[in-house]
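Secondary and tertiary structure notes
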Amino acid sequence: MTVDSPAFGQADLTNCERELIHLAGSVQPHGVLLLLREDTLTVLQASDNCHLLLGLGTVDLLDRPLATLGGNLAAQLTALLPTLCADPVPILCTVQASATTRLVEATAHRAPGGGVVLELEPLEPLSRVGTGSAPHSLALDAATLQSHLAAAVQRYTSAATTAVLADSIVQTVRELTGYDRVMVYRFDADGHGKIVAEARDPRLESLLGHHYPATDIPQRARELYLKNRVRMLVDVNYEPQPLVPPLRPDSGEPLDMSMCNLRSMSPLHLQYLRNMGVTGTLVASLVREGKLWGLIAAHHYEPRHLRLALRSAVDLLAEVASTRIAAIENYAHSQVALLVRRLEQRLIEAT
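The present account deals with the structure reproduced in this document. For every chain, the first residue of its written sequence is number 1, and the numbers climb from 1 along that sequence. Note on the predicted model: pLDDT of at least 70 is required for a residue's local features to be given, and 80 or more for side-chain atom pairs to be given and counted; whole-chain, interface and lining totals, by contrast, use all residues. Neither water nor hydrogens contribute to the side-chain values; these are computed over all heavy atoms in the structure.

Moving on, we come to the overall build of the protein chain. The way it works is that DSSP assigns letters per residue, a run of H or I at least four long becomes a helix, a run of E at least two long becomes a strand, and they are numbered from the N terminus. Looking only at helices and strands, one finds eight helices and 15 strands in the protein chain. Any residue under 20% of the maximum accessible area for its type is buried, any over 50% is exposed, and the rest in between are partly exposed; the area is computed with a 1.4 Å probe on protein chains only. Here the protein chain holds 351 residues, and the buried ones make up 49% of them. Contacts in the protein chain between residues at least 24 apart in sequence constitute 63% of all its contacts with a sequence separation of at least 6. When the accessible surface of the protein chain is totalled, it reaches about 16,600 Å², and 55% of it is carbon and sulfur. Any two residues having at least one pair of non-hydrogen atoms within 4.5 Å are treated as being in contact. We get accessible surface area from the Shrake-Rupley algorithm with a probe of 1.4 Å; when it comes to residues, only the shown protein chains can shield them.

Below, the discussion takes up the pattern of salt bridges. Counted as salt bridges are all cases of a side-chain nitrogen of Lys or Arg within 4 Å of a carboxyl oxygen of Asp or Glu. A full pass over the atoms with the stated rule returns nine salt bridges. The shortest N-O distance in the salt bridge between arginine 181 and glutamate 198 comes to 2.6 Å. Placement of arginine 181 in strand 8 (residues 181–187) and of glutamate 198 in strand 9 (residues 193–200) is noted, with a sequence separation of 17 residues between them. Accessibility assignment for this pair places arginine 181 and glutamate 198 in one class, buried. Arginine 203 serves as the salt-bridge partner of aspartate 201, at 2.8 Å between the closest nitrogen and oxygen. Each member of the salt-bridge network shares a partner with another, and the members are Arg186, Arg288, Glu289 and Glu329.

Taken in spatial order, the six strands line up as 10-9-8-14-13-11 in an open sheet, and their pairing is antiparallel. Edge positions in the open sheet fall to strand 10 (211–212) and strand 11 (230–233), since each of these has one partner strand only. Pairing between strands requires that DSSP locate at least two bridges from one strand to the other.

All right, on to the pairing of strand 2 (residues 32–36) then. Summarising burial for strand 2: five of the five residues are buried, a large majority. With burial as the criterion, each face of strand 2 is covered, one bearing Val32, Leu34 and Leu36 and the other bearing Leu33 and Leu35. Across five bridges, the pairing between strand 2 and strand 6 (residues 116–122) is antiparallel. Directly across from leucine 35, in strand 6, lies its bridge partner valine 117. Where strand 2 lies against strand 3 (residues 43–47), three bridges are found, and the strand directions are antiparallel. Looking at the pairing, leucine 35 lines up with glutamine 45 of strand 3. From the end of strand 2 to the start of strand 3, which pair antiparallel, there are six residues, and leucine 41 there has a positive phi angle of about 55°.

Buried and open spaces are told apart on a 1 Å grid over the protein atoms alone, a cavity being a set of points where a 1.4 Å probe fits but cannot get out and a pocket being an open set with protein on both sides within 12 Å along at least five of seven lines. Residues with an atom within 4 Å of a point are the lining residues. Grid points are joined across faces, edges and corners, and a volume is the space filled by probe spheres set on the points. In this structure the tally under the stated criterion is one cavity of 30 Å³ or more. The calculated volume of the largest cavity comes to roughly 30 Å³. If you go around the largest cavity, the residues you meet are Val32, Leu53, Leu54, Val104, Leu120 and Pro122. Going through the elements one at a time, helix 1 (50–54) and strand 6 are the ones with two or more residues in the lining of the largest cavity. Residue classes follow a fixed rule: Ala, Val, Leu, Ile, Met, Phe, Trp, Tyr, Cys and Pro count as nonpolar, while Asp, Glu, Lys and Arg count as charged, and any other residue, Gly among them, counts as polar. For the lining of the largest cavity, the per-class residue count stands at six nonpolar, no polar and no charged.

Ranked by size, the top nonpolar core spans 35 residues in total, and within it Tyr156, Ile169, Val184, Leu282, Leu286 and Ile296 carry the most contacts. Mapped by element, the contributors of at least two residues to this core are helix 4 (142–158), helix 5 (162–177), strand 8, strand 9, strand 11, strand 13 (280–288), strand 14 (291–300) and helix 8 (308–350). Beyond its immediate stretch of four places on either side in the chain, valine 184 contacts Ala166, Ile169, Val170, Lys194, Ile195, Val196, Ala197, Leu286, Trp293 and Leu295. The criterion is simple. A nonpolar core is a set of buried Ala, Val, Leu, Ile, Met, Phe, Trp, Tyr and Cys residues joined through side-chain atoms within 4.5 Å. Listed in part, the 27 residues of the second largest apolar core include Val32, Ala46, Leu54 and Ala74.

Written out as structure tokens, the structure reads:
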């Protein structure tokens, strides 16, 4: 950490471009994060809300094997280890919490610097495992989800222009997720953004056509959008749950949380959302040829939680849309090149 790269939570408007947001050191409280030693699957670090979600205190978990949680979690993760990579892999599993078998959605990935990051989100309403009111948690059955996806993909592949495609994206994502407002946010060559499509609750004022400076999305955040392409904020007023201990015991370094779904968000970004009156968000990246073309940004005006399958569906739609964007723009470029060659030929002939 240097003056040029402020620690997470210590940035201001003059240096937020370099805030170390991937070293957040805390998670959103709707799930639990564990860092495991790969060879023994013992717990090196854990978020400080384990007692609420797992019925076992964080300190009680440290240096103990994952099998301490009971259920089939440890067995399922062990089977995944040979193929585990840096991208999170979903696991549907069970754990024992307070003598009760609990069904849990999990993701696992290899952490930069070694070890396995395991993130757990309970399937039951969060009010039963935490305090305060539960955010609305949205889930769809498999048949409904597949129907939505099939219809959306068909609309995307038939779109002839990026404008038509963007309109299809916001409509289908809003139908799928139920957020109050869904936008497609496109970047220009200098990184400035413009809202080029919007689907919203009719009671909300339109933001279509609004422009935003490149500084609204710091460069480090843009880099993370290329790595971890779907990010969910359940409640802007959440209380961050710190990792215990704060540094990795095996290296003395902060945990790199670049690929963590539960990673806390920058306090500056949270205040920005509060200033807009936004409570929950979902953001998916639109990437063309390795560069950030734009974002699908969904806003909700009360807490909102999406199950892992729905977030994966949005990720899939963003990938299909990104592929279609590249196809449309590459075709447009080829048509322009062809037109220029024809004009050159006519000029030569006229000369």
